[in-house]
Structures are given as C-alpha cells and as structure tokens.
Amino acid sequence: MLFRSRGMTTLVGTETRPEEPVKMGYQPALDGLRAVAVAAVLLFHLGVSWMPGGYLGVSVFFTLSGFLITTLLIRERVATGGIDSRAFYTRRLRRLMPASLACIAGVCVVIAVGLIADTASLRREVLGALFQVENWVSLLGGKSYAQLFQSPSPVAHFWSLAIEEQFYWLWPPVVTGLLLWATRGARPLQRMTYALVGLFVLSALSVPITLRLWSADAVYFASWTRFAEILAGGALAAFVALRNPPAWVRWFAAPSLVAIVVLCVVTPSGRGWAYEGGLPLFALLSVLLILSLQADGTIRTVLATAPFVAIGRVSFGLYLYHWPVFVVLDADRTGMSGWQLGVLRMGDRKSTRLNSSHT
C-alpha cells in the first residue's frame, strides 16, 4: 500500500497499516481547466476565425483525464490494497453511457425525420460512436479532421470519446501490473513514475513512425498516437503521488496557460504541427499547467471561481451535445450566419444537458 511517512512515499504489503495515505481531494481549479478546454473546442466548432486551433482543447482533456484516472486508481490501491477493475468499468459505464446513448438516439431521430441525409457512411459512423471506435471508422473510411466542416457528421466528435474509452478499458490492468512490478524494488512509486514516463515516450515515438508509414490523419486519429497525451497525465499522477509539488510550481501556471491559449489562436485548422508529431509536446504544456495547479496561486484561484467550475462540471454534456446541435442548426437551415448563428446554437438548451465531466 502507499503511505507517506516523514516526507517519503512507500509501497508496502497490505498487511502494514499506513500512517498517512496519499490523498488528493477535490480540486475545483481542475474543473475550471475543463471549462477553458471545452470553451476552446466550442469556439473552434462555431467557426470563430481567431480560434482556428481550438481543437487543442481536446488534447488538454486527454491529459487531464489521464491525470485524474491514474490518481483515482492509485488512491484505490492506497485504500484497498488492490484495484477493482470491474467496479471501475461499472462506474465508467454508469457515468458516461446514459448520456452517450441518449445523444446517439437523438442523432438517429434527426436522421429518421430527414433533417440529416441518411447515408451508408453515416450509419457506419453511428455504429462507430455506439461501439466506441469512431476514430477508427473515420480513419479507415478515409475521412480527415480537416474536412470536419464539409458535410459534417453529427457524431464526428465521438472520435475523441472513443479514444478515451479505449484507453479506459486498458488502463486498470496496466496500472495494476505496473504497481505489482514496482513493489518488487526499492522506491516503488519512483519506479512507477519512470515506467509511465517510458510508456509516454514510446507512444510519442509512435507518432513520427505513424506519420512516415501511414499519414497525418492517422497521427490524429490512431489510438496509439493519441494515448501519449493521456499517458502524460498518468505519469504526472504518479509523480504527484510520489511527492508533494513545491509551492514554486505555481509560477508555471500563467505562462503555461497563456501558451496553451496562444497556440489555440495561432495553430491552423486541419494541418501543421498538430498533425506532424507535435501533440505529445503540447501535452507537456498541459502537464505543466496541471502540476502548477497543485499549489495555491492566482491562476488556481481564478479557475476555482464559480463560473469556471460551473462550466467545467457540465463540460462532458457540453462537448457531447453541442456538435449535433451545431450540425442541425447550420446556416442553410436557419438562414443565419456569423454571431447570430453562434448565439442561436449556444442558446439551445440541448447542448448543456447531462453529465458533469469526463472523469
């Protein structure tokens, strides 16, 4: 089990009673970070000209999810001496599946009444969304994320949810195995951290290989390439469990947040560094921001304010429902454009329903 004693963290057998288990309480600033990430995605999907790289918000979600999920698994190991994979999967299904199924059902109704043309490719995409493989359906179907706004699919955004769910299915047994391996040596949490960093590096190295052997679209959609961003968060979780971050990490909050926002503004849509191996490096910015939010500071205080937290708590529902609403309420059907169309889309209550977060 994990415990802290005199500033050190150790893994010991379950027969030993820990003096002070490693804990990470609820951090409202992380909900605030979710709000920033989903806002970037929404602005991008609204077609806001000055936010062409808003899709990078998805990468922030990936890294934050990896951090939170790995932290939860380590905490479970602390509390029980093991990880109950069945309970983990049950919690994930209960939290995410009802909203996802409701969204897919709504899309099917929209297709049935003829608001969106029923095509063979759309049927495949709906099935891909249902079975959490939409990223592979899009990739193997020859779709590019650069074509997102050309004949948009109402379930196109399920590609990112599919990657996260695929990771979630794999992660509990992987973490269990790593923890068992780590306990066989000295400084087990340090070994765990090194192992997760190694997995991140391997996934990151797969990006240029995939780019060379396949395509830029494969770099964007393939599970193994995007796992790097989630693994970066997982490695951070082990590091934070190993030692409390010093207070001075708070000084990284403003620069890393500003860098993320600037990249969302200057990164082109559908091409450029994000498709050529840069996303694992971008994940390190997200890691730096999440790490800095572990210490009290101005940015942490701002992100923990009620407006940011409120948006962050409904970020999953916002992400899940906004895109089908945007696809149905397009310029042709509404006769609107620009800010008026944006106000109409954001005013639709359907896009703000249900779950509070990815994790």
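Residues numbered from 1 in each chain as written. Predicted model: local features only at pLDDT ≥ 70, side-chain atom pairs only at ≥ 80, totals over all residues. Heavy atoms only, no water.

### Considerations on the overall build of the protein
A count of helices and strands for the protein gives 16 helices and two strands. Taking all 359 residues of the protein together, the buried fraction comes to 53%. Long-range contacts, defined as pairs at least 24 residues apart, comprise 78% of the intrachain contacts of the protein with a sequence gap of at least 6. Roughly 16200 Å² of accessible area belongs to the protein as shown, and the carbon and sulfur atoms make up 64% of that amount. (Helix = DSSP H or I, 4+ residues; strand = E, 2+ residues; numbered from the N terminus. Buried < 20%, exposed > 50% of the residue type's maximum accessible area, 1.4 Å probe, protein only. Contact = heavy atoms within 4.5 Å. Areas by Shrake-Rupley, 256 points an atom, 1.4 Å probe, with all protein chains shown as cover.)

### Some points on the packing of aromatic side chains
Evaluated as defined, the whole model comprises 24 aromatic pairs. Consider the rings of Y145 and Y220, whose centres lie 4.8 Å apart with planes at 25 degrees: the pair is stacked. In this pair, Y145 sits in the loop between α5 (134-140) and α6 (158-182) while Y220 sits in helix α8 (residues 216-221), placing the two residues 75 residues apart along the sequence. A residue is classified by how much of its surface remains accessible, and Y145, at 8% relative accessible area, is buried. Here a set of aromatic residues connected by ring pairs shows up, and it is made of F44, Y55, F62, Y145, F149, W159, Y220, F221, Y275 and W323. (Phe/Tyr/Trp six-rings, centres within 6.5 Å; stacked < 30°, edge-to-face > 60°.)

### What about the packing of helix α7 (residues 188-213) against helix α9 (residues 223-242)?
Axis angle and axis distance: for two packed helices, these are the angle between their axes and the distance between the axes, and together they describe the pair. Interaxial distance between α7 and α9 falls to 8 Å at its minimum, and their mutual angle equals 165 degrees. With respect to α9, the element α7 is oriented roughly antiparallel. For the element pair α7 and α9, the recorded crossing hand is left-handed. Split by residue class, the contact of α7 with α9 holds 18 nonpolar, seven polar and no charged. (Axes fitted to C-alpha atoms, helices over the stretch in contact; angles between N-to-C directions. Parallel < 35°, antiparallel > 145°, perpendicular 65-115°, else oblique. Left-handed = near helix turned anticlockwise from the far one by under 90°. Nonpolar A, V, L, I, M, F, W, Y, C, P; charged D, E, K, R; others polar.)

### Topic: helix α14 (residues 315-328)
For α14, with 14 residues, the first-to-last C-alpha span of 20 Å sits near the 20 Å given by 1.5 Å per residue. The sharpest bend along α14 comes to roughly 30 degrees, located at H322, with the proline P324 sitting one to four residues further on. Within α14, 14 of the 14 residues are buried, which leaves the element mostly enclosed by the surrounding structure. (Expected span 1.5 Å × (residues − 1). Bend = angle between axes of the 7 residues up to and from the residue.)

### Quick word on the confidence of the model for the protein
For the protein, per-residue confidence averages 86 on the pLDDT scale, and 86% of positions sit at 70 or higher. Note that residues 1-22 has pLDDT below 50 and, in this model, 52 contacts with residues that lie over four places away or in other chains. (pLDDT = per-residue confidence, 0-100.)

### Quick look at the packing of helix α3 (residues 85-112) against helix α4 (residues 120-130)
The N-to-C vectors of α3 and α4 enclose an angle of 165 degrees; their axes lie 10 Å apart at closest approach. The angle between α3 and α4 falls in the class roughly antiparallel. Where α3 crosses over α4, the handedness of that crossing is left-handed. Here L101, I104, C108 and I111 of α3 lie close against α4, whose contacting residues are L122, V126, A129 and L130. Here the contact of α3 with α4 is composed, by residue class, of eight nonpolar, no polar and no charged.

### Re unusual backbone geometry
Phi is positive for Q132, which is not a glycine, with a value near 60 degrees. Turning to its location among the elements, Q132 is positioned in the loop between α4 and α5.

### Quick word on the state of the cysteines
Where two cysteines share a covalent bond between their sulfur atoms, that bond is called a disulfide. Counted according to the given criterion, the structure contains zero disulfides. The thiol of C103 is unpaired, and the distance to the nearest cysteine sulfur, on C108, comes to 9.7 Å. (Disulfide = S-S within 2.5 Å.)

### Considerations on the side chain of T70
With respect to the helices, strands and loops of the structure, T70 is situated in helix α2 (residues 56-80). Judged by relative accessible area, T70 falls into the buried class, the value being 0%. At 2.9 Å, the side chain of T70 and the side chain of W171 are in polar contact. Among all residues touching T70, those that are not within four sequence positions of it are W171, L196, G234 and A237. (Polar contact = N/O pair within 3.5 Å; in protein donor to acceptor, adjacent residues only side chain to side chain.)

### Re a nonpolar patch on the surface
The grouping of W50, V258, V261, V262, V265 and V266 at the surface amounts to a nonpolar patch, some 530 Å² of accessible area in total. Checked against the element boundaries, V265 lands in helix α10 (residues 253-266). (Patch = residues over 30% accessible without salt bridge, like charges linked within 9 Å, V, L, I, M, F, W, Y side chains within 5 Å. Salt bridge = Lys/Arg side-chain N within 4 Å of Asp/Glu carboxyl O.)

### Quick notes on the environment of W50
Along the chain, W50 turns up in the loop between α1 (28-45) and α2. Separated by 214 residues in the primary sequence, W50 and C264 place their C-alpha atoms 8.8 Å from one another. The contact partners of W50, leaving out residues within four places of it in the chain, are L43 and V265.

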